[in-house]
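Remarks on the overall topology
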Amino acid sequence: MSTHDLTQTQALALALNAEGNAAPEWIQLTPAGPDIQGRDGRAWTMTDPDAIVEAFRANKADLPVDFEHATQVKGEKGDPAPAVGWIKELENRQGAIWARVEWNSDGANAVLTKGYRYVSPVFSFTRTAGAITKMVSAGL
């Protein structure tokens, strides 16, 4: 598979459920596969969630959590796109991808006050088969 066969998307939205006085340490990024349906009707496949977790580990870098996909929308234009948290770890939980997030004060406050209640992952996938290959970031 060449890099020309990959593209990215942000079309899922899963609820963040803050309880008590702390933002959740673990958040769900995707539903269980193999069939993943976006809120906008687009569809992908995720037949090997362990490979997505391994791709994260092999990358050896945290992934940003930002407001409203700023990393893709603003960052690609050279505008500021600060992170409000960092994905430190991924897990396959019964076919769903979960992320352990280290929140900064802006991110934790946004989740705790329910200013932002949903998370939307950005992932790479193959154009031809729609197969999710790796996580890129997440937006609140």
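Residues numbered from 1 in each chain as written. Predicted model: local features only at pLDDT ≥ 70, side-chain atom pairs only at ≥ 80, totals over all residues. Heavy atoms only, no water.

Within the protein one finds three helices and ten strands. Counted from the first residue to the last, the protein has its helices and strands arranged as β-β-β-β-β-α-β-α-β-β-α-β-β. By residue count, 41% of the 140 residues in the protein fall in the buried class. Looking at the protein alone, contacts between residues at least 24 apart form 64% of all its contacts between residues at least 6 apart. Put simply, the protein shows about 7600 Å² of open surface, and 47% of that area lies on carbon and sulfur atoms. (Helix = DSSP H or I, 4+ residues; strand = E, 2+ residues; numbered from the N terminus. Buried < 20%, exposed > 50% of the residue type's maximum accessible area, 1.4 Å probe, protein only. Contact = heavy atoms within 4.5 Å. Areas by Shrake-Rupley, 256 points an atom, 1.4 Å probe, with all protein chains shown as cover.)

Glancing now at the pairing of strand E8 (residues 96-103). Bridge analysis of strand E3 (residues 26-28) against E8 gives three bridges, and the strand direction is antiparallel. The partner of Trp26 across the bridge, within E8, is Arg100. Linkage of strand E7 (residues 85-93) to E8, two consecutive antiparallel strands, is achieved through a turn of two residues, within which Gln94 is found at a positive phi near 50°. (Pairing = 2+ DSSP bridges.)

Bringing the nonpolar core into the picture now. Residues Leu29, Ile87, Leu90, Trp103 and Met135 are the most contacted members of the largest nonpolar core, which totals 29 residues. Among the elements that take part in this core, E8 stands out by supplying four residues, more than any other. With residues near it in sequence (within four places) discarded, Trp103 still touches Ala23, Pro24, Ile27, Val65, Val84, Gly85, Ala108, Val111 and Leu140. (Core = buried A, V, L, I, M, F, W, Y, C linked by side-chain atoms within 4.5 Å.)

To continue, consider unusual backbone geometry. The linkage connecting Gly33 with the following residue, Pro34, adopts the cis geometry, with an omega of 15°. Note that Pro34 resides in the loop between E3 and strand E4 (35-37). Positive phi outside glycine occurs at Lys114, with the angle close to 60°. When you line up the elements, Lys114 lands in the loop between helix H3 (105-112) and strand E9 (118-126).

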